[in-house]
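# Structural features, examined
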Amino acid sequence: MMTVTLFGFAWDASSSYARGPALAPAIIRSVLFSDASSPYSLSGKNVGAIISAYNFAALPETGDACRTAISERIAAAISAQTKPLSLGGDHSLTYPILRAIKAAHGPVNIFHIDAHPDLHEEFEGDRYSHACPFARAIEDGCVNALVQVGIRSASPEQRVFGARHGVTMLGADEIAAIPYDKLAAPLYVSIDLDGLDPAYAPGVSHPEPGGLSTREVLAMLAKLPAAPVGADIVEYNPERDINLATANVAARLIKELAALMA
Ligand code: MN
Ligand code: MN
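Residues numbered from 1 in each chain as written. Chains lettered and ligands numbered in written order. Predicted model: local features only at pLDDT ≥ 70, side-chain atom pairs only at ≥ 80, totals over all residues. Heavy atoms only, no water.

## Details of the packing of aromatic side chains
Describing an aromatic ring pair means giving the distance of the ring centres and the angle of the ring planes. If you walk through the whole model with that rule in mind, you get two aromatic pairs. Where F7 meets F9, the ring centres are 5.3 Å apart and the plane angle is 15°; that geometry is what we call stacked. On the basis of relative accessible area, F9 is assigned to the buried category, the value being 0%. The ring of F56 is capped by R29, whose NZ or CZ atom sits 4.7 Å from the centre of that ring. The ring centre of Y128 lies 3.9 Å from the NZ or CZ of R67, which sits over that ring. (Phe/Tyr/Trp six-rings, centres within 6.5 Å; stacked < 30°, edge-to-face > 60°. Buried < 20%, exposed > 50% of the residue type's maximum accessible area, 1.4 Å probe, protein only. Lys NZ or Arg CZ within 6 Å of the ring centre and 35° of its normal.)

Here is the structure:
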């Protein structure tokens, strides 16, 4: 069995609107193994035993140094024969994660849940914004296939970029069209919590009604044809959450992703 290193990347300075995701990792971790929930995945695996290490160390405060630190920590986990499961923080951190994943595994197939394609060339003058990580990853050769699900806010520019690079961009009403055959190993999973409907995950900075249900996301994960080499759960904003509802969704997703990765 492969074990998992759970990372908490408390970084939200690349967010375009509201800060808050930097508070997320510690809160999600407290919910994950609280006495209010069990440590078991839906398939019955004890996630407490799968997660062999935790790294919630503080990050440098400037973007370049922060991204370098994230890439180095992910590379170290892979070198130690564990798989990285990362909690954001905002979605900008997926690019430095993918740099380290590519160095170890080559270009990966990515299953990406989000309301937004995050394929901007740049956003508000920042090429490393949380609106840009998959554009950077594609340019950098980190990506083989990219399958996005839940998209409901793609700009014309992002649609052009996606079409040019063979991105599969599906709305929340197009689940039946998910091309699982494109998601063979090496597989990476990136879950932006705003891909879910705000009814299920209200604690996000950019809520877009008309999204996925928790059950739909769990069903998709169960259909993935390969064990992910890494995964992330990003954009939880505790300042927008209601009764920890979104933190509990994130904790359930950690359990399912860790069980798949093991
Ligand atoms: Mn999003
Ligand atoms: Mn995103």
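## A closer look at the coordination of the manganese ion (ligand 2)
In this structure, H91 (ND1), D114 (OD), D118 (OD) and D192 (OD) serve as the protein donors to the manganese ion (ligand 2), at separations of 2.1 to 2.2 Å. Going along the chain, you hit the donors of the manganese ion (ligand 2) in the pattern H-x22-D-x3-D-x73-D. A gap of 3.3 Å separates the manganese ion (ligand 2) and the manganese ion (ligand 1), which D114 links by coordinating each metal. You can see D118 sitting in the loop between β4 (108–113) and α5 (133–139) and its partner D192 sitting in strand β7 (residues 187–192), a full 74 residues away along the chain. (Donors = N, O, S within 2.8 Å, 3.2 Å for Na, K, Ca; no water. Helix = DSSP H or I, 4+ residues; strand = E, 2+ residues; numbered from the N terminus.)

## Brief notes about the coordination of the manganese ion (ligand 1)
Around the manganese ion (ligand 1), the donor atoms from the protein are D114 (OD), H116 (ND1), D192 (OD), D194 (OD) and D194 (OD), and they sit 2.2 to 2.4 Å away. Counting residues between consecutive donors of the manganese ion (ligand 1) along the chain gives the motif D-x1-H-x75-D-x1-D.

## Remarks on the environment of L257
In this fold, L257 is placed in helix α8 (residues 245–261). Placed 27 residues apart in sequence, L257 and G230 show a C-alpha to C-alpha distance of 8.8 Å. If sequence neighbours within four positions are ignored, L257 has contacts with L85, V189, I191, L221, A231 and I233. (Contact = heavy atoms within 4.5 Å.)

## As for helix α7 (residues 214–223)
An α-helix turns once per 3.6 residues; consequently, residues spaced three or four apart project the same way. When we look at burial in α7, the residues that qualify are T214, V217, L218, M220 and L221. The buried residues of α7 occupy an angular sector of 160° when the element is viewed end-on, so they sit on one face. Turned more than 90 degrees away from the buried face of α7 sit R215, A222 and K223, all of them exposed. Buried positions along α7 lie against β4, β5 (143–149), β7 and α8. (Arc of directions from axis to C-beta.)

## Details of the sheet that holds β7
Taken together, eight strands build an open sheet; the order of strands is β2-β1-β3-β8-β7-β4-β5-β6 and the sheet is parallel. Strands at the two margins of the open sheet, each flanked by one partner only, are β2 (51–55) and β6 (168–170). Between one strand axis and the next, the sheet turns through 15° on average, direction left out of account. Sheet analysis places β7 next to strand β8 (residues 230–234), joined by five bridges and oriented parallel. Considered in β8, the bridge of V189 is made with A231. Contacts between helix α3 (residues 63–79) and the sheet are confined to β1 (3–8), β2 and β3 (82–87), with β3 contributing the most and set at about 150° to the helix. (Pairing = 2+ DSSP bridges. Axes fitted to C-alpha atoms, helices over the stretch in contact; angles between N-to-C directions.)

## Describing the nonpolar core
Counting 46 residues, the largest nonpolar core has L85, F111, V189, L221, L253, I254 and L257 as its most contacted members. Broken down by element, the residue count for this core peaks at nine residues, all from α8. Ignoring sequence-local partners within four residues, the contact set of F111 consists of V147, V149, I178, L183, L187, Y188, V189, S190, M220, L221 and L224. Ranked by size, the runner-up nonpolar core spans 34 residues in total, among them F9, A77, V143 and L146. (Core = buried A, V, L, I, M, F, W, Y, C linked by side-chain atoms within 4.5 Å.)

## Brief notes about the environment of K45
Here K45 lies in the loop between α1 (24–32) and α2 (47–50). K45 gets classed as partly exposed once you look at its relative accessible area, which sits at 39%. For the pair K45 and A262, spaced 217 residues apart in sequence, the C-alpha separation works out to 9.3 Å. In this structure K45 touches P39, Y40, I50 and A259, once residues within four positions along its chain are discounted. In terms of polar contacts, K45 uses its side chain to reach the backbone carbonyl oxygen of A259, at 3.1 Å. (Polar contact = N/O pair within 3.5 Å; in protein donor to acceptor, adjacent residues only side chain to side chain.)

## Here we look at the pattern of salt bridges
Between side chains of opposite charge, a pair can form when the charged atoms approach closely. Counting across every chain of the model gives five salt bridges. Here D64 makes a salt bridge to R67, at a shortest N to O gap of 2.9 Å. Highlighted residues: D64 and R67, both in helix α3, separated by three residues, approximately one helical turn. Classification of R67 as buried rests on a relative accessible area of 11%. (Salt bridge = Lys/Arg side-chain N within 4 Å of Asp/Glu carboxyl O.)

These figures come from the coordinates and say nothing about function on their own.
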